[in-house]
Amino acid sequence: MHSAVVSKAALRLVKKAVDAPPSADLAIRTKLKEIFGNVAKKFKSPMLVALTAAVGEDPFVKIKGMIQDMIEKLLEEEADEANHKGYCDEEISKTVKDRDYRLEEINALQASLEELNAREEKLSLTKGELEEAVKTLQSDYANQTKARGEEKAENEVTVEEAEDGVHAIKQALEILSHFYGEAAQATVEEGFMQQPSVEDDAPDAGFDGAYTGAQGSSTGIVGMMEVILGDFERTISDTQELEASQKKEFVDYERETQVSISVKQSALTATSDELTSTQEEIATDLNEMRTQQGLFDTKTKEWEELLPGCVADPGMSYEERVERRETEIEALKDAYCILDNKEAGC
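Residues numbered from 1 in each chain as written. Predicted model: local features only at pLDDT ≥ 70, side-chain atom pairs only at ≥ 80, totals over all residues. Heavy atoms only, no water.

**Student:** Help me out: how do you make sense of the overall build of the protein in this one?
**Tutor:** Helices and strands together make up the secondary structure of the protein, namely seven helices and zero strands. Sorting the 346 residues of the protein into buried and exposed places 28% on the buried side. Excluding contacts between residues fewer than 6 apart, the proportion of contacts in the protein whose partners are at least 24 apart in sequence is 82%. For the protein, the exposed area adds up to about 23,000 Å²; of that, 54% sits on carbon and sulfur atoms. (Helix = DSSP H or I, 4+ residues; strand = E, 2+ residues; numbered from the N terminus. Buried < 20%, exposed > 50% of the residue type's maximum accessible area, 1.4 Å probe, protein only. Contact = heavy atoms within 4.5 Å. Areas by Shrake-Rupley, 256 points an atom, 1.4 Å probe, with all protein chains shown as cover.)

Shown next, in the form of structure tokens:
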């Protein structure tokens, strides 16, 4: 609004200068010089500065030429600025769009990496637990297998020793039975063949008849040996039953352990594969993150470099500059019309 008032005041003085006698020309031109000088200082316009100087020194004919040149220059500036603004708007929009897209990619990658890192940590923990479980099962299985072997060997020795005892006892019983059996059935042939004599009346010496052995004592010995035989046979039977029970128990344990090891080994393999895949994804995302970060930095730098050339006057918007220039052009046109002895806005 203030610039319009200044322009109107300048136009009135220009018109007055055209109609005024020569004696008043100097005073009017001095006033015009002051007005144009204030406007030039306010708008920081080099063209108005030149016009101010021309008003103070040159005749109006030359001023008309300068006004025409200034109008053309302002129109040229207006076209250049419009073209430049179109270029700036397009480049800034494109750069900002690309920059924001890279930023979205970076944020998405950061979220993905957080999830992948959490998964990697969990899988690493699971893998360690499975490795420890498999190691423990395999160690226990090796110890149990060794103990089972020692146990079996001990049972075999026990059975073997008992079988040797049975064999020995049976041989002894067979010998004793044969000996005492024949002795018990022996006859004293001589006693039946001899006739009675005087000696028959003699006292008994205790050797009458055939020798039958110590039949009473043999019964005790045989009985004791049969008891020992029974112990040996029972030892064999008990040991064989124990061996069968221990073998079944170990077979059941072995089956369960092998299944458990197989299941955990399969889980370990799957976990290891998933962990490897996750680590590869992390590496891929990190590489992509570096790429996107580089592109984001490039676009940010391009945007920063565009601003100084696209925002000529940070304190004034493009619309305000257009309005100021149009006001300046209209004022110059009106001044030209008046100097050409025509009405303003001709």
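**Student:** Can you walk me through the nonpolar core in this structure?
**Tutor:** Across soluble globular proteins, you tend to see nonpolar side chains buried next to one another. Residues Val-159, Ala-162, Val-166, Ile-169, Leu-173, Val-222, Met-225, Leu-229 and Ile-236 constitute the largest nonpolar core, which totals nine residues. Every element with two or more residues in this core is listed here: α4 (60-185) and α6 (215-310). If you tally residues by element for this core, the top one is α4, at five residues. Leave out the neighbours within four places in its chain, and Met-225 touches Ile-169, Ala-172, Leu-173 and Leu-176. Grouped together as the second largest cluster of nonpolar side chains are seven residues, Leu-109, Leu-116, Met-289 and Phe-296 included. (Core = buried A, V, L, I, M, F, W, Y, C linked by side-chain atoms within 4.5 Å.)

**Student:** Would you explain the pattern of salt bridges in this entry?
**Tutor:** Where charged atoms of side chains with opposite charge meet at close range, the side chains can pair. Tallied over the full model, the rule gives eleven salt bridges. The salt bridge involving Arg-119 is made with Glu-281; its shortest N-O contact spans 3.8 Å. Here Glu-281 lies in helix α6 and Arg-119 lies in helix α4, a separation of 162 residues in the sequence. Taking relative accessible area as the criterion, Arg-119 reaches 28% and is therefore assigned partly exposed. Between Glu-243 and Arg-148 there is a salt bridge, with its nearest N and O atoms 2.3 Å apart. With Glu-243 in helix α6 and Arg-148 in helix α4, the pair connects residues that are 95 residues apart, well separated along the chain. We note that Glu-243, like Arg-148, is buried. Salt bridges linked by common partners bring Asp-98, Arg-102, Lys-299 and Glu-302 together as one network. (Salt bridge = Lys/Arg side-chain N within 4 Å of Asp/Glu carboxyl O.)

**Student:** Is there a simple way to think about the packing of aromatic side chains in this case?
**Tutor:** How two aromatic rings sit relative to each other is set out by the distance from centre to centre and by the angle between their planes. Using the criterion set out here, one finds one aromatic pair in the structure. Taking 6.2 Å as the distance between ring centres and 45 degrees as the angle between the ring planes, the aromatic pair formed by Phe-250 and Tyr-253 counts as tilted. Placement of both Phe-250 and Tyr-253 in helix α6 is noted, with a separation of three residues, approximately one turn of the helix. Between Arg-99 and the ring centre of Trp-303, over which it is positioned, the NZ or CZ distance is 5.0 Å. (Phe/Tyr/Trp six-rings, centres within 6.5 Å; stacked < 30°, edge-to-face > 60°. Lys NZ or Arg CZ within 6 Å of the ring centre and 35° of its normal.)

**Student:** I tried to follow the environment of Glu-105 on my own but got confused; where do I start?
**Tutor:** Its location among the elements puts Glu-105 in helix α4. Residues Glu-105 and Gln-292, spaced 187 residues apart in sequence, show a C-alpha to C-alpha distance of 7.0 Å.

**Student:** Can you walk me through the side chain of Arg-99 in this structure?
**Tutor:** Here Arg-99 lies in helix α4. Taking the relative accessible area as the measure of exposure, Arg-99 reaches 17% and is therefore buried.

**Student:** How should the side chain of Glu-243 be read in this particular structure?
**Tutor:** The class for Glu-243 is buried, based on a relative accessible area of 16%. There is a polar contact of 2.7 Å between the side chain of Glu-243 and the side chain of Asn-155. Setting aside chain neighbours within four positions, we find Glu-243 in contact with Arg-148, Lys-152 and Asn-155. (Polar contact = N/O pair within 3.5 Å; in protein donor to acceptor, adjacent residues only side chain to side chain.)

**Student:** What exactly am I supposed to notice about the confidence of the model for the protein here?
**Tutor:** Low pLDDT marks regions whose predicted coordinates should not be analysed in detail. When pLDDT is averaged along the protein, the result is 78, and 65% of the positions lie at 70 or above. Looking across the protein, the model is least confident in helix α5 (residues 189-193), with a mean pLDDT of 43, and most confident in α6, with 92. Every residue in residues 1-9 scores below 50 in pLDDT, and together they form eight contacts with partners more than four places removed in sequence or on other chains. Low pLDDT, under 50, characterises residues 15-24; the predicted model gives this stretch ten contacts beyond four residues in sequence or across chains. (pLDDT = per-residue confidence, 0-100.)

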